[in-house]
Amino acid sequence: MKKYAVITGASSGIGKEFAYQLSLKYNLILIARRKGNLIEIASQLDCECIIIEADLKIHEECFRIFEEIKDKDIEIFINNAGFGDCGYFINNDLNKEINMIDVNIKAVHIFTKLMLRYFNNQIGYILNVASSAGLIPAGPYMSVYYASKSYVTSLTRGIYKELKEHQSLTYIGCLCPGPVESEFNKRANVKFALKAISSKECVHYALKKMFQRKVVIIPTLKMRLAILLGRFLPQSLYIHIVSFQQKKKIYK
């Protein structure tokens, strides 16, 4: 009997592609705000799909979802839901930023804790979708987004080490792509300065490295080299370069 893979933010972009690729071997639990999109995706897949409509900025929704799924035989949990925003911090909408923190940080934290307890040191995979932004000291003009993804990468790497020291069979890792072709840039009000890779390419690489139990997954060689080189720069210079690139993203 097929085990289940759970995907949050499954209605578009990377989450949708995770559904397509995981459906080849797993039944799916698809979670997102847009139920219509989830129904359309499920109709295209040859596996059992459980659809859960939820708004993850509401913490109670995370606990409700877990109560709905905890009796299923889950092997993979993809913490994918998240969004960004771009602009001058002083002018950006505060409510949107708080919602971003609730989804990008708090929902990820809650699900990570609950699923680690669910797996209970047995075989299971948790993949937190972060960003290459989470590996950079700061991101002027996307300050909240960068900070939120830094939380995800730091949390994930810390837990990974704890699990390893306790010889746990449970895996946790973080996916840290650069630009990916998705609805992200529209919602974040940006245009990417670098060429985006396809969601298909990103997810294929992510799953390959997840099953190899790699903790930080960066899909492209170009981005891996950029992150590596950035470690040798003075942080003030690194942030200055990022600021220059970020300002080019803002819609005029």
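See the structure above.
Now for a quick tour of the structure. Here the structure is a predicted model, which means the values were calculated and not measured.

This paragraph deals with the layout of surface pockets. Of the voids in this model, the second largest pocket is the one considered here, and its volume is about 230 Å³. What lines the second largest pocket is His109, Thr112, Lys113, Leu116, Arg117, Asn120, Asn121, Leu155, Ile159, Glu162 and Leu163. Within the residue set of the lining of the second largest pocket, elements represented by two or more residues are helix H4 (94-119) and helix H5 (143-165). Looking at the lining of the second largest pocket, the element that brings in the most residues is H4, giving five residues.

Bringing helix H9 (residues 235-247) into the picture now. Note that an α-helix has 3.6 residues per turn; residues three or four places apart therefore point the same way. For H9, which comprises 13 residues, the first-to-last C-alpha distance of 18 Å matches the rise-based estimate of 18 Å (1.5 Å per residue) to within 8%. Every buried residue of H9 is listed here: Tyr238, Val242, Ser243 and Gln246. Take H9 and look down its axis: the buried residues cluster within an arc of 140 degrees, on one side only. Across H9 from its buried face, at more than 90 degrees, point the exposed residues Ser236 and His240. Those residues of H9 hidden inside the fold are in contact with H5 and helix H8 (221-230).

With that settled, consider the pairing of strand S4 (residues 74-79). For S4, the tally of buried residues reaches six of six residues, placing the bulk of the element in the interior. Strand direction decides the pairing type here: strand S1 (residues 4-8) and S4, joined by four bridges, are parallel. Note that in S4 the partner of Ala5 across the bridge is Ile76. As defined by bridge partners, S4 adjoins strand S5 (residues 124-129) across four bridges and the pair is classed as parallel. Along S5, the bridge assignment pairs Ile76 with Tyr125. Read from S4 through H4 to S5, the crossover connection turns out right-handed.

Mapping Glu17 onto the fold places it in helix H1 (residues 13-22). Among buried Asp, Glu, Lys and Arg side chains, Glu17 stands out as unpaired, with Lys200 the closest opposite charge at 6.1 Å. Contacts of Glu17, omitting those with residues within four sequence positions, involve Ser199, Lys200 and Val203.

Further remarks concern the sheet that holds S4. Paired through backbone hydrogen bonds, the strands of a sheet run either parallel or antiparallel to each other. The sheet built from seven strands is open, its strands ordered S3-S2-S1-S4-S5-S6-S7 with parallel pairing. What marks the edges here is a single partner per strand, and that holds for strand S3 (49-53) and strand S7 (216-217). Across two bridges, the pairing between strand S6 (residues 170-175) and S7 is parallel. When the sheet's bridge partners are listed, Cys174 is paired in S7 with Val216. Against the sheet, H1 makes contact with S1, strand S2 (27-32), S4, S5 and S6, and its axis sits at roughly 170 degrees relative to S1, the strand it touches most. Strand contacts of helix H2 (residues 35-43): S2 and S3, with the helix running at about 170 degrees to S3, the strand carrying the most contacts.

Definitions and cut-offs
Residues numbered from 1 in each chain as written. Predicted model: local features only at pLDDT ≥ 70, side-chain atom pairs only at ≥ 80, totals over all residues. Heavy atoms only, no water. 1 Å grid on protein atoms, 1.4 Å probe; cavity = no way out; pocket = protein on both sides within 12 Å on 5 of 7 lines; lining within 4 Å. Points joined across faces, edges and corners; volume = space filled by probe spheres on them. Helix = DSSP H or I, 4+ residues; strand = E, 2+ residues; numbered from the N terminus. Expected span 1.5 Å × (residues − 1). Buried < 20%, exposed > 50% of the residue type's maximum accessible area, 1.4 Å probe, protein only. Arc of directions from axis to C-beta. Contact = heavy atoms within 4.5 Å. Pairing = 2+ DSSP bridges. Right-handed = clockwise from strand over helix to strand, strands pointing away. Lys, Arg positive; Asp, Glu negative; His and termini not counted. Salt bridge = Lys/Arg side-chain N within 4 Å of Asp/Glu carboxyl O. Axes fitted to C-alpha atoms, helices over the stretch in contact; angles between N-to-C directions.

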